[in-house]
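Analysis of the macromolecular model
Here are the chains, one letter per residue:
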Amino acid sequence: KELKQRRWIIYWIGQLESIRAGGWRTMLRKLGRGLRWSVTWPVVLLALPLALFIRSFNRLFRIRYGYFLTHRIGHFSFDLEYFLSGKKLQGTGRGTRDLFYLVGKHSNSYLVELSKRNLNISFWYQFLHKADKLLSFSSDIAIEPAWLKTGSRDYEGRLAKTLPHIKFRQDEETYGWEILRNLGIHDSDKFVCLIVRDSAYLETIDGPGRRDYHSFRDSDVQDYRHVANELAQKGYWVLRMGKVVKSKFDVAHPKVIDYANSDWRSDFLDIW
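Residues numbered from 1 in each chain as written. Predicted model: local features only at pLDDT ≥ 70, side-chain atom pairs only at ≥ 80, totals over all residues. Heavy atoms only, no water.

Observations concerning the layout of surface pockets
The space that makes up the largest pocket amounts to roughly 1100 Å³. Lining the largest pocket are 35 residues, and of these I73, G74, I195, G242 and K243 sit closest to its centre. Among the elements of the structure, α2 (73-90), α3 (109-118), β4 (191-194), α8 (200-206) and α10 (267-271) are those that each provide at least two residues to the lining of the largest pocket. The element best represented in the lining of the largest pocket is α2, accounting for 4 residues. Of the residues contributing to the lining of the largest pocket, the split by class is 21 nonpolar, 8 polar and 6 charged. (1 Å grid on protein atoms, 1.4 Å probe; cavity = no way out; pocket = protein on both sides within 12 Å on 5 of 7 lines; lining within 4 Å. Points joined across faces, edges and corners; volume = space filled by probe spheres on them. Helix = DSSP H or I, 4+ residues; strand = E, 2+ residues; numbered from the N terminus. Nonpolar A, V, L, I, M, F, W, Y, C, P; charged D, E, K, R; others polar.)

Given below as structure tokens:
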């Protein structure tokens, strides 16, 4: 009992320190989490009868619950394809129904749309999953994202053994190329996507300072001005990528484009 009390004291001290460091944004974020919790559990309790009904038929028609963490575009995109490739190789489609939901602030709305084309995804499945966990007898029906199981690494070589599952429609391919042609980039031209990491994106989702332990991975995009100019001189187009970035990338060459700070940047083009 005393140990539990100490843990609660440490927990609340940590919460207060976090609010003090992050300010009102952190406080609002924590209040939002508390509000979501207070709304979630009544819905979970209401979903219990349905979860029990589904569980009773699980031997005849297997239902599995799964989720994807969506706040990092690299993990989200990899985990989607990794699961689809694994399902293709393992042949688990027949007699099994997988119900997915998405967790976290979406890093890319278009990737969410692509995921829903390939998987049965609904906001409501999370309540069924939580209700299923409350049932007293165990069940092996949870599908965790690859991020938690393998660190979003393909140790089994799944991607090399299967064709891609996440694809664009023909109208989307046409639209993407239409935008590039308007910039002067034609089908036969070569282009380079320059991705230089900084801390701006994580600060937008977690608040300033909360992910500083990642800062050793940051680079200064200005250090790439020379190589971008050299590539442009050789005929390549260079597009500086990013959704939220710290600084602009100004290179005095018409073939070097600061896409991240352009008016036409979009979640679709980020993926395409």
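Concerning the sheet that holds β4
What the 3 strands build is an open sheet, ordered β4-β5-β6; its pairing is parallel. Edge positions in the open sheet fall to β4 and β6 (256-257), since each of these has one partner strand only. (Pairing = 2+ DSSP bridges.)

Structural notes on the pairing of strand β1 (residues 62-69)
Most of β1 is tucked away, with 7 of its 8 residues classed as buried. For β1 and strand β3 (residues 142-143), the ladder comprises 2 bridges, and the chain directions are parallel. In the sheet register, G66 faces β3, and the bridge partner there is I143. (Buried < 20%, exposed > 50% of the residue type's maximum accessible area, 1.4 Å probe, protein only.)

Describing the packing of aromatic side chains
With the rule as written, the count across this model stands at 15 aromatic pairs. When the ring of F68 is compared with that of F100, the centres are 5.0 Å apart and the planes differ by 25 degrees; the resulting orientation is stacked. Within this pair, whereas F68 is found in strand β1, its partner F100 is found in strand β2 (residues 96-103), the two being separated by 32 residues in sequence. With a relative accessible area of 2%, F68 lands in the buried category. Look at W124 and F127: their rings are 5.7 Å apart centre to centre, the planes differ by 40 degrees, and that puts the pair in the tilted class. (Phe/Tyr/Trp six-rings, centres within 6.5 Å; stacked < 30°, edge-to-face > 60°.)

Describing the nonpolar core
F68, F76, L80, F83, F100, L102 and L119 are the most contacted members of the largest nonpolar core, which has 24 residues in total. For this core, the secondary structure elements donating two or more residues are α2, β2, α3, α7 (170-183), β5 (237-240) and α10. Contacts of F76, omitting those with residues within four sequence positions, involve F68, L69, T70, L102, S107, L111, V112 and S115. Membership of the second largest hydrophobic core comes to 14 residues, among which are Y65, Y67, Y101 and A131. (Core = buried A, V, L, I, M, F, W, Y, C linked by side-chain atoms within 4.5 Å. Contact = heavy atoms within 4.5 Å.)

Some details on the sheet that holds β2
With parallel pairing, the 3 strands of this open sheet are ordered in space as β2-β1-β3. At either end of the open sheet lies a strand with only one pairing partner, and these are β2 and β3. Two strands pair when backbone bridges link them, and β1 and β2 are joined in this way by 8 bridges, in the parallel orientation. By the bridge assignment for β2, Y65 is matched with L99.

A look at the packing of α2 against α3
In the contact formed by α2 and α3, the axes pass within 11 Å of each other and the chain directions differ by 10 degrees. Classified by the angle their axes make, α2 and α3 are roughly parallel. Residues I73, F76, S77, L80 and L84 of α2 lie in contact with α3, whose contacting residues are L111, V112, S115 and N118. Classifying every residue of the contact of α2 with α3 by side-chain character gives 6 nonpolar, 3 polar and no charged. (Axes fitted to C-alpha atoms, helices over the stretch in contact; angles between N-to-C directions. Parallel < 35°, antiparallel > 145°, perpendicular 65-115°, else oblique.)

Quick notes on α3
Turning to α3, its buried residues are Y110, L111, V112, L114 and S115. At the N-terminal boundary of α3, the capping side chain belongs to N108, with an oxygen 3.0 Å from the backbone nitrogen of Y110. (Polar contact = N/O pair within 3.5 Å; in protein donor to acceptor, adjacent residues only side chain to side chain.)

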